[in-house]
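Architecture at a glance
Here are the chains, one letter per residue:
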Amino acid sequence: MRDARSPLLSYAHLSGLLARCGRAGDLRLGAALHAVVAKNPAHFHLSPARADLCHVLAAWNSLVAMYARCGRRLDAARVFDEMRVRDSVSWNSLLAAFSASVPDALALLRRMLRSAPGAGACDTATLTTVLSACARADGGAGTAPLAAVHGLAVSCGLGAGVPVGNALVTAYFECGSPDSAKRVFGAMAERNVITWTAMVSGMARAERYRESLSLFRRMRRAVDANSATYSSSLLACAGSLAAREGQQIHGLVVKAGFETDLHVESGLMDVYSKCGLMEDALRVFRSCREPDEVFLTVILGGFAQNGLEEKAFELFAEMVGTGMVIDANMVSAVLGAFGASAPFALGKQIHALVIKKCFIGNTYVCNGLINMYSKCGELEESVEVFDGMPSKNTVSWNSIIAAFARHGHGSEVFRLFESMKADGIKPTDVTFLSLLHGCSHVGSAKKGLEILNSMSSQHGIHPRVEHYACVVDMLGRSGLLDDAKAFIEDGPFKDNPLLWQALMGACSFHKNSEVGKYAAERLLILAPDCTAAYVLLSNIYSSEGRWDDRARIMKRMRELGLKKDTGKSWIELQKEVRSFVISTSHRNSADANDVLLQLSAVSSDQDLAESNAL
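Keep in mind the model is a prediction, meaning the values are calculated, not measured.

1. Some words on the overall build of the protein chain
Per the secondary structure count, the protein chain includes 33 helices and two strands. Expressed as a percentage of contacts within the protein chain between residues at least 6 apart in sequence, the contacts between residues at least 24 apart total 58%. Approximately 31800 Å² of the protein chain is accessible, and the part contributed by carbon and sulfur atoms is 52%.

Dropping the structure here:
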């Protein structure tokens, strides 16, 4: 039986303790064990002649790995330099310490290859460590370092192996080269669930959704999917608005027993929300045993995106009532649901909650408050929140510029734009939408066209159809209807109904039946079921007293089964937004008078209650 004080047990014990220190990040104990090694140089001397060299070397390698895991890479390098004998584990441990920097990792790899000609020390762990460093890089160096490591892997005969192949696939996706990842995947003789998941996830994140779903279908014939695979496939469904495929994957998730996985449930809610199936999204939310802030943020965002603001407010109030811990992301999500008809009283309550929870320094929450107050007609409150922000990002500036544009303060929009640039913030396409709205309000068509042209020439931003629609509206407001018509026909979006609808609105305002009729004809060719085309054309005929033509248009609408959207008004009463429609019939007028009398009575009761409170 071996003596308990034998060197072999001492080395093994030391290696085990150092490994525990590395996992726990216990630098203090690790340094103390290093002192034991330093005080016993003969016992821990590295010499090729030693019979127990492998055990002594294992202890030194554990020391390098301990410092690497504790984030002390310089200490790891000093220990490594003291070692007169090294193996591949020694190099790999040091590589792990320097893997946060691609240049450092590559420099160390070159040093390693020079010390062992023929890449004898380069193994699978070496390549996967360096490839992980390439994957974590910010992309500034491009794919050149990654391609060099790929070439080394091929020359070592390890490029087609599963571990290195998986690392290559992941790294190419992270570096923005999905086609290279696809080639590596195709060259792999063997693949496991990690390989397939990396491809499904990478293609989804690269917005190649159909390829991602195709790979998922192929994968199911080869290996069993895991929860990460299902989450990635749901991301592809959400990106491509593939509701049917999402429902099918939901069935597979239940069958595989992953329906309670938090990431999978979040993916399901995201798919249903983006596809407009909010009842299904809410059903998934309700089935969660312990919904957290991520769940609530996803469902609130879904309600807001689908125009169900009231549902978002109700759910948020319900979650607050249950005692759920409210975080900044939840508040930001519910603020995003506010529109013109949202209850302003609730907005003020949420602002009070923000102050109480000390979220007022959160940039995203403040951005939400700016938009909320702006949409509720409280421009001064938006400005107050903006001015009080400790830090502002692009969304902050876009929000306040949009607020002034929404309220018709065109000159202030341009002043804020100059301040934004002076603050070092680059404008985005959203910024220019607000600027063009500002030009519409001040009636400066020339300046608006200059801004549109400057988007691509000075800022490298390609205008979208919404920008062109703003210009059409701007020209229409200025009465330049023929110019607006020519602008559409000479532009890249002449077949988009949005532009012709904007022109028709201007023609209705200026009572120009000639251009209006032409715009209506173009609009009806592009969108035959567009109710707005018929309504706007009938308004033009009405303004000119052409009642027979108006009657013909209305008859055509009835024949097609089209109905004009009912105009609604709303008023906030007792912290609730109440919408109503006023009809022209005598009976409905009486009903409207009754409603107004009731509103007056309630208002009087409120005034009395407030007076008593004072």
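That covers the picture; the talk isn't over yet.
2. Focus on the pattern of salt bridges
In this structure the tally under the stated criterion is 19 salt bridges. Between Arg 415 and Glu 412 there is a salt bridge; the shortest N-O distance is 2.4 Å. Taken together, the residues span about one helical turn, with Arg 415 and Glu 412 both in helix 24 (residues 410-422) at a distance of three residues. For Arg 415, a relative accessible area of 45% puts it in the partly exposed group. Owing to a relative accessible area of 22%, Glu 412 belongs among the partly exposed residues under this scheme. For Arg 477, the salt bridge is made with Asp 473, and the minimal N-O distance between the two is 2.9 Å. In this pair, Arg 477 and Asp 473 both sit in helix 27 (residues 465-477), four residues apart, roughly one turn of the helix. Taking relative accessible area as the criterion, Asp 473 reaches 26% and is therefore assigned partly exposed.

3. Section: the UniProt feature "repeat: PPR" (unreviewed entry) in the protein chain
In this structure's numbering, the residues bearing the UniProt feature "repeat: PPR" (unreviewed entry) are residues 56-90, 192-222, 292-326, 362-392 and 393-427. When the span residues 192-222 is considered, its composition is 87% helix and 0% strand, and the gap between its end C-alpha atoms is 9 Å. Helix makes up 71% of residues 362-392 and strand 0%. Its end C-alpha atoms lie 10 Å apart.

4. Looking at the nonpolar core
Counting residues in each nonpolar core, the largest one holds 180 residues, and the members touching the most others are Val 169, Leu 296, Ile 299, Ile 350, Ile 400 and Leu 503. In terms of residue count, helix 3 (residues 53-69) provides more of this core than any other element does, 10 residues in total. Residue contacts for Leu 296: discarding those within four places in its chain leaves Phe 285, Leu 315, Met 319, Met 324 and Met 330.

5. What about the environment of Phe 80?
Tracing the sequence through the fold places Phe 80 in helix 4 (residues 73-82). The exposure class of Phe 80 is buried, given its relative accessible area of 0%. Separated by 19 residues in the primary sequence, Phe 80 and Asn 61 place their C-alpha atoms 8.2 Å from one another. Excluding anything up to four places from it in sequence, Phe 80 contacts Val 64, Arg 86, Ser 90, Trp 91, Leu 94 and Arg 111.

6. Here's the deal with helix 29 (residues 497-510)
Since the α-helix advances by 3.6 residues per turn, residues separated by three or four positions end up pointing in the same direction. In this model helix 29 runs 20 Å from its N-terminal to its C-terminal C-alpha over 14 residues, within 8% of the 20 Å that 1.5 Å per residue would give. Those residues of helix 29 that fall on the buried side of the exposure criterion are Leu 499, Trp 500, Ala 502, Leu 503, Met 504, Ala 506, Cys 507 and Ser 508. Against the buried residues of helix 29 lie helix 27, helix 28 (481-490), helix 30 (513-526) and helix 31 (531-543). The backbone nitrogen of Leu 498 has a side-chain oxygen 2.9 Å away, supplied by the residue at the start of helix 29, namely Asn 496.

7. Details of the packing of helix 5 (residues 88-97) against helix 7 (residues 124-136)
Put simply, helix 5 and helix 7 touch, their axes get as near as 9 Å, and they point 10° apart. Classified by the interaxial angle, the pair formed by helix 5 and helix 7 is roughly parallel. Contacts between helix 5 and helix 7 involve Asn 92, Leu 95 and Ala 96 from the first element and Ala 125, Thr 126, Thr 129 and Val 130 from the second. Of the residues assigned to the contact of helix 5 with helix 7, the class counts are four nonpolar, three polar and no charged.

8. Remarks on the packing of aromatic side chains
What the rule picks out here adds up to 10 aromatic pairs. Centroid distance Phe 185 to Trp 196: 5.0 Å. Interplanar angle 75°. Geometry classified as edge-to-face. Residue Phe 185 is found in helix 10 (residues 178-187), and its partner Trp 196 is found in helix 11 (residues 193-205); the two are separated by 11 residues along the sequence. Taking the relative accessible area as the measure of exposure, Phe 185 reaches 4% and is therefore buried. Between Tyr 230 and Phe 258, the aromatic rings sit 5.7 Å apart at their centres with planes inclined by 50°, giving tilted as the arrangement. Taken together, the residues span a long stretch of sequence, with Tyr 230 in helix 13 (residues 227-240) and Phe 258 in the loop between helix 14 (243-256) and helix 15 (262-274) at a distance of 28 residues. Members of the aromatic cluster, each reached through a chain of ring pairs, are Phe 216, Tyr 230 and Phe 258. Positioned over the ring face of Phe 80 is Arg 86, at 4.2 Å from the centre of the ring. The ring of Tyr 518 has Lys 485 lying over it, and the distance from NZ or CZ to the ring centre is 4.1 Å.

9. Regarding unusual backbone geometry
Peptide bonds are, in most cases, trans, and in most cases residues other than glycine have a negative phi. Here Glu 207, not a glycine, exhibits a phi torsion of approximately 65°, which is positive. The class of Glu 207 is exposed, set by a relative accessible area of 58%. Not every positive phi belongs to a glycine, and Cys 358 is a case in point at roughly 65°.

10. Some details on the packing of helix 11 against helix 13
It is at 8 Å that the axes of helix 11 and helix 13 come closest, and there the two elements cross at 20°. Between helix 11 and helix 13, the interaxial angle falls into the category roughly parallel. Remark: the crossing between helix 11 and helix 13 carries left-handed chirality. Residues Val 193, Thr 197, Val 200, Ser 201, Ala 204 and Arg 205 of helix 11 form the contact with helix 13, whose participating residues are Ala 228, Thr 229, Ser 232, Ser 233, Leu 235 and Ala 236.

11. Some thoughts on helix 13
The end-to-end C-alpha distance of helix 13, which contains 14 residues, comes to 20 Å, matching closely the 20 Å that a straight helix rising 1.5 Å per residue would cover. Inspection of helix 13 places Thr 229, Tyr 230, Ser 231, Ser 232, Ser 233, Leu 234, Ala 236, Cys 237 and Ala 238 among the buried residues, and these make up the whole buried set. Among the structural elements, helix 11, helix 12 (209-222), helix 14 and helix 15 are those in contact with the buried residues of helix 13. Two or three places before Ala 228, at the start of helix 13, stands the capping residue Asn 226, its side-chain oxygen 3.2 Å from that residue's backbone nitrogen. Downstream of helix 13 by one or two residues, Leu 241 has phi in the positive range, about 55°.

12. Remarks on the environment of Ile 488
Among the secondary structure elements, Ile 488 is positioned in helix 28. When the C-alpha atoms of Ile 488 and Tyr 468 are compared, they prove to be 8.0 Å apart, with 20 residues separating the residues in sequence. If we skip the residues at most four places from it in the chain, Ile 488 touches Val 472, Lys 494, Leu 499, Trp 500 and Leu 503.

What counts and how
Residues numbered from 1 in each chain as written. Predicted model: local features only at pLDDT ≥ 70, side-chain atom pairs only at ≥ 80, totals over all residues. Heavy atoms only, no water. Helix = DSSP H or I, 4+ residues; strand = E, 2+ residues; numbered from the N terminus. Contact = heavy atoms within 4.5 Å. Areas by Shrake-Rupley, 256 points an atom, 1.4 Å probe, with all protein chains shown as cover. Salt bridge = Lys/Arg side-chain N within 4 Å of Asp/Glu carboxyl O. Buried < 20%, exposed > 50% of the residue type's maximum accessible area, 1.4 Å probe, protein only. UniProt positions renumbered as here; feature names shortened; annotations may be inferred. Core = buried A, V, L, I, M, F, W, Y, C linked by side-chain atoms within 4.5 Å. Expected span 1.5 Å × (residues − 1). Polar contact = N/O pair within 3.5 Å; in protein donor to acceptor, adjacent residues only side chain to side chain. Axes fitted to C-alpha atoms, helices over the stretch in contact; angles between N-to-C directions. Parallel < 35°, antiparallel > 145°, perpendicular 65-115°, else oblique. Nonpolar A, V, L, I, M, F, W, Y, C, P; charged D, E, K, R; others polar. Phe/Tyr/Trp six-rings, centres within 6.5 Å; stacked < 30°, edge-to-face > 60°. Lys NZ or Arg CZ within 6 Å of the ring centre and 35° of its normal. Left-handed = near helix turned anticlockwise from the far one by under 90°.

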